Structures are given as structure tokens and as C-alpha cells.
Amino acid sequence: MSPAQVLEVMDLSVAIGAARIVKNVSLEVRAGEILGLVGASGSGKSMTALSIMRLLPSTASNTGITRLNGEILSLKSEAEMRTIRGRDIGMVFQEPMSALNPLMRIGDQVAETVRSHRQTNDREALGLAREALDLVGLQGEQGALDRLPYELSGGQRQRVAIAMAMVLSPQFLIADEPTTALDVITQAQVLLLLQGLVRTQNMGMILVTHDLAVIAQLADRVAVMHQGEIIEQASAADILRRPRNAYSAALLAASELQPKRTASLQGSTPAVLQVRGIVRDYPRRRTSLWHPRKPLRAVDGVSLSVHAGETVGLVGESGSGKSSLLRVILALERAQAGDVCLLGETLSSATGATLRRLRRSIQVVFQDPYGSFDPKWTVEQLIGEPFFLLNSPPSNVERRRKVAMVLEQVGLSAADAQRLPREFSGGERQRIAIARALITEPAVIAFDEAVSALDVLIREQVLKLLADLAERLKVAYLFVSHDLHVIRAIADRVYVMQQGRIVEEGAAAAVFDSPRHAYTQALVAASPRLPVNKQAPR
Amino acid sequence: MKGAAHNLSLRAGALITGLFVAAAAIAQFWTPYDPRILSIVDKLRPPNAQHWFGTDQLGRDVLSMIMLGGKTSVGVALLSVIIGVCVGVPLGLLSAARPGATDEIVMRGNDVIFAFPALLLAILITAVFGPGAINAIIAIGIFNIPVFARVTRAGALQQWTRDYTLAARVAGKDRLRISFEHILPNLLGLLVVQGTIQFSLGVIAEAGLSYVGLSAQPPTLSWGRMLNEAQTLTALAPYLALFPGFAVLLFVLGLNLLGEGLRRRAGRSA
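In this text, all values refer to a predicted model and were calculated from it rather than measured experimentally.

Asks: Lay out the overall build of chain A with the relevant residues and their values.
Replies: A tally of helices and strands in chain A yields 18 helices and 20 strands. Residues counted as buried form 45% of the 538 residues belonging to chain A. In chain A, of all internal contacts separated by at least 6 residues, the share reaching a separation of at least 24 is 69%.

See below:
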């Protein structure tokens, strides 16, 4: 006999105004089972999760029936729902910092959940909080209860959030992108923790994520959402190996980034970018009046090189110093030691006209497709901004022609030039950012997590575009990312960075297939992966 | 919530403000009676069909005086906001663009100015230059400078965290150029809202200054002085104090509603 059904959703629809966000969704989850709800952003997966908790924004309306252990949640009053939330259904969100009160000790925060649901005294509530923190691997005895959220790492905060969701032993847990904001190694630990909890406590869980690799690691069954509808629902193994729906198949194909086949060209071309012994310190607050300030060393003697036409990957977790290094390379910040040479000239100490001339040869694409454009400027103005680096900027006609040319190179049309950035989707904006980087015909383009904010299908298209441009324009890339799959798919050579130092370097295939350094090994092991059903051609 | 149609405070505020500004503009060319002409025969008439707001102790039409007083109010408040914007905004931008010593010097200088109440400043200026509308404008304007500097700095610092400023620096632009080309246009909404609020504070400050005789001097009319003159006649003709009092109240209310409405609209579009 199969285990008891915990949650059942029948014919759920959600609408905001005239727009139907979720259409006729039906789901069920059994005890001890993890249902993965996967889809691109805007597919309605978070709305589905929120409507189970009856936490939809006030502008949304929904129809359909939700049952938890046979009780119909849709008929409960708001007061009844408040007792059910937290007691019967726990929820874990993406951003662990904003889910915690920054001024409250974590023991008290977890205990508060208990107190708001049960008549207990403080000691009992704290006792339950300690048990819950033990359960998620934060030892309650060692003063963890008294710590404040800012003293904890991202992974620890997410553990606290899970403890808050678990403290009243709910029968059901909803986790909305619980590991998206975490590092690879932390992600692996949190996923393992969630899986263990569901199995040992015999709970049901819905895991909302855009990442099929996370689903592959955790979920028993998968529901794929697309434009508000569940288009396929089957066991995880079935969907990951034999997707029946065309969209699921496309999603899966885009998630399985094919490792790049590297033509061994390194060494055969001259180095365009050479970074030698960069040290970057940031001043830190004085800890004591009598001790000298100890600076924070973000980058600690890093050397790397990028050869003409080559794609170099730089991998590391957040806080490893990748972004600081990139800012030094782009001459946005000065390093305390070391130098950066671009095309044989020193960029790191250049000023005035020399700096402007050198800057033409190195451009950059940033992570956030929303923040990297001035919202008031048109696409033409934005793409043309680097023309400022030229001593004689092109005339209007010439300028327009060049902007149209790069727009077409990145797969957009010349007619887009007069539009504003907000009229474009995230993927299109990254294309505009690439166009802006191409306009001065640079020798090197740096990418700072340039595809991390994109959905898998869009990410695949952008990566294809980049590979294609590298081929045609012979431009070199320095590709910075925390995502091993992305680096593996695009890079010829990689550098692995940890705590401000390069710990391993080499050809992409060699580093990822047989990592030598312990940190790289941990990174590769922790990185969630899809089951390999077809051997990648070598 | 959709569109400006639901933004009641914006509509009400725009209506009231528009009414006062229009009345002040009309007063430039025409008023129902000429308040320079005294008519003792008609003195202290309560509101009636000929004189909607009545007449004062010298037989002048109160409605005409309110309209001309509004002209002074709008003029002083507007010019002092312009002074605040022209000096405060560049200071705020500079402060945000150059963290460290420059920022510290500019902002601490602002704190010093901020420590003086507008009234004290006005007395100071009057002591040196003598009373007059110009001095009120300068006093209120100086009071506005640190307000605009702070708002601009706060907004600009937020814009500096966005990647487009980095992109502009990669394009070789220096921080001051980025401040004016990128950051200022993105702060316009914020500054319009703050401008409306400072405008209403300016109206109150002008009324206060003219009440104590530090702003516009006769024959220029102002609401504050009308209130002052009505003070001795409150028992005899209470309407003489009520109308200028209500004018200040309603105008400030309208401006605050307008500011709130604009703030809400800016919040939605951002």
C-alpha cells in the first residue's frame, strides 16, 4: 500500500486582474515524498506554492480546492489559516537574510514561531527551538541560540529558516528556491538536510526550483510548469531520462550544457591580457585602538593570463575575490600590488589618454540584466556609450550604423535601437549588454556572472551566441562564474579561486574531470548534476 | 490600483495647488479691487456680495489682498526652492561621487547650516541687510540647501550601487560626468517630490517671517502680515484673520497632498 496522501491540489487557477497566472493545476504529494515543481521564471510555480499557503497578494484571485490531510484549506478562514501556517505547513524561502529578523537572536526567532501557535512558557519554547536547531545541524548547546543573523553565513541562515519551518513538526513543507542564493557546497549540504528531514519525519514536500539538477538530486516526482500549466507530471527518473513533452525535453536539453570541445590553442596565440601578482586590500574598521588596522585581503597575489581568441573561466564561490579581481583588471579599482597588462601595455597604472585608449580593448558584461542599464537611456545611447573612449567619436549616421551592426550581431534588430531597456526581457538585455561590449571591437570581454540571472533556455541561447561571436570575431573572454556547468560549457581553460588565491588552473576538461586540489574536488562533488543518459561526444 | 485615476491625493493636491497658483498669477494683472486705494467709508464690512471676503480696517478688499499675498507666498517659496535645488543638488551629487574627504567636508558643512532654524537665519540676514522679500528668499533658500543636498546624496548613493555606473566607468567616464549624465536624470522624480514638500515649508516660513515683519514690507502684501494686522481686531472682525489663516492652511495642505501623490506615483513606476 502506498503511503498516505498529505496534500492534494485540485484544479487550482490563479488570476491577477485579467491575466491568468496559474491554470487548472492539480497535484498530490504523499508522506515522505518530495515533489519538484520546475519551470522558468514567470511559469506560475511560486504562485502555486503561495496559493497553497493562501498567501497570494491581495490583487490575486484563485479557484480550486486544496486539501491537507483531508481538510479543505480553501474553506478555512484567515484566522484558521494563521494557525495552520507554521504548525501544519512550513515554508522556506529563497533569501535567508530577509526571512530573519536582523535584531533578534535566532533562538528567540525560532521560539517565537512556537509561542505564536502554542500556549507554552519561554523555557519550553526555547527547548523546542534548540531541538529544531539541532535537527538542522546547528548545535543548540554551543551558544547558537544566542547568535544574531548577521553572525551566520548564508547556509547557516538558511538552516535557521528551515529550523523555523520545522520546529512544530509540520506534515508538509514548501521550499521555494531554497538553495538558489547559496554557494554550491552549501547548496549540497542544505539539499541533503531537506531530503533527510522529509525521509525521517515522513513529511511531504514541494520543492519549487528552476534548476533541474537540484530536482534530479532531490525529487521523487516532478511537475513541469509552463505558462501557468502543468505540462508534464511523472517520476523524476522518467522525466529526466525520457521526457514526453517537447517543452520538458527542451528544458532538459538546455540544462545539460554540453562540455566545450576544446581545440588546443593555448600557447599558440599571444597573451592579450596578463595579470601578475595582484593584491587587493580593503580597509577594515579598527577593532581596537591599540592594534593597527588589519586590512581585508580580498585578492592575494593572483596571476593569470588570457590569450587571443581564448575563453578563460574563473570559478569560485561568492566572497572568493572574483569580483574584486575583475574590478582591478577593468581598472575600476587600483590594486595594492601587481600589475595588469593589456596588449603588452600596463593598464593598471595608465592614466588619461593611455587609459582611454587601453579601455577600448577591454569591455565587460555584468550579471544583473536590470541594473546594468540606465533606465532613462535608449538602447542606442547605451550601446554607443563606449564611443566616449574614442578621440573622434563617430558622427550620427556612422554611430547609428555601428549600433545597428552590433545589434544584429547579437541577434536583435536595428529597429530596437530607439527603445528603452525596460521594454526588453532579461535575455534580450544581456544581448544588449554584449552589444555594448562589442562596439569598441575589444580584444577581451570580461563576463561577471553574465548568465547567472537567466532561465536555462535563455542561458543556453546566450551561451551559444557567445561561442558563435568568439568564433567569428576572434575575441577573448574572461568568464567569471560560480557555476561549474556554465564554465565547463564555455571555457577552454579555467582558474579556480578560493579565498583570494588561485588554487588550481588548467584545461577545463582536465580540471573538472580530474581535479587535483581538495577545494576543486569538493566543488565538483557538490555541484548538482543531471543523470548522464548520453555520453557527450569528445 | 491602476493609473493616476485612483491617486486621490494627487488629484486633490494638484487641484488646490493649481487654484492658488492661478490666483497668484491672475493677481499679477487683475484683482477685484485695487488694494492700494483706501476707502474708509467701506471699512470693516463683513463678507458680502460686493466683497466676498469683506474689507479691512482701511476699507481694502480682503479677497484682492489674499490674491496679492498669494503672489508673494508663491514667489518667495518658489525662488527659495530654486536656490535650494541649484546649490543643494550639485553638492549632494559631488558628495556621493567623491566618498571620503570631499563627502565629509560637504556634508558636515550642511550640518552646520541645518543647525540654524530658518527664522534665526532670517533675523541674522535682516540684521545685516534690512527686512524685505529678497532676504526672506535668501534665508529660506539657505535653509533648503542642506535638505536637497541630503536627499540628492542618499538617492545618488543608491544609484551608484547599480551596475550601469560601472558600465559608464568602463566607457571611460569620470564620476562627475556620470553624476550629471546618468544619476541626476534618475533622481528627478525624487527631487520633484522633495521640491513640493520644500515649497509648502517655504509657504509656512514666509508667512511666519512676514508675521514678525522680516519678509515683504508694505506696500507689498503678504498673508503673514495680514494675520499680524488682524490680530488687534479679532473681536471686531474675526474674518480678517480667518481668511489669510485658511489660505496658508489650504495651500500647504494642497502642496502636501500633491507631494504625497507624486511620491506614490513615483513609487509605483520605480
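Asks: Give me the interface of chain B and chain A: which residues, what numbers.
Replies: Contact residues are listed per partner, giving 14 residues for chain B and 19 residues for chain A. Sorting the residues of the side of chain B that touches chain A by element identifies α6 (163-170) and α7 (175-211) of chain B as the ones contributing at least two each. Among the elements that make up the side of chain B that touches chain A, the one with the highest residue count is α6(B) (seven residues). Across the side of chain B that touches chain A, the residue classes tally to seven nonpolar, three polar and four charged.

Asks: Which residues make up the sheet that holds strand β6 (residues 89-92) of chain A, and what values do they have?
Replies: Residues and elements named next belong to chain A. Read from one edge to the other, the open sheet built from six strands follows the order β6-β7-β8-β3-β9-β10, with strand pairing classed as mixed. Sheet topology places β6 and β10 (229-235) at the edges, where each strand pairs with a single neighbour. Going from strand to strand, the sheet's axes swing by 15° on average, the running direction of each strand aside. Pairing of β6 with strand β7 (residues 172-176), which is carried by four bridges, proceeds in the parallel orientation. Counted as the bridge partner of V92 is A175 from β7. Packed on one face of the sheet, helix α5 (residues 154-166) meets β6 and β7 and runs near 170° to β6.

Asks: Quick one: what's the story with the pairing of β7(A), residue by residue and with numbers?
Replies: Residues and elements named next belong to chain A. The element β7 is extensively covered by neighbouring structure, given that four of its five residues are classed as buried. The pairing of β7 with strand β8 (residues 204-209) spans five bridges and is parallel. Its bridge partner lying in β8, L173 is registered against M205. As a crossover connection, the stretch from β7 through helix α6 (residues 184-201) into β8 is right-handed.

Calculation rules
- Residues numbered from 1 in each chain as written.
- Chains lettered and ligands numbered in written order.
- Predicted model: local features only at pLDDT ≥ 70, side-chain atom pairs only at ≥ 80, totals over all residues.
- Helix = DSSP H or I, 4+ residues; strand = E, 2+ residues; numbered from the N terminus.
- Buried ≥ 20, exposed ≤ 12 C-beta atoms within 10 Å, placed from the backbone.
- Contact = placed C-beta atoms within 7 Å.
- Nonpolar A, V, L, I, M, F, W, Y, C, P; charged D, E, K, R; others polar.
- Pairing = 2+ DSSP bridges.
- Axes fitted to C-alpha atoms, helices over the stretch in contact; angles between N-to-C directions.
- Right-handed = clockwise from strand over helix to strand, strands pointing away.

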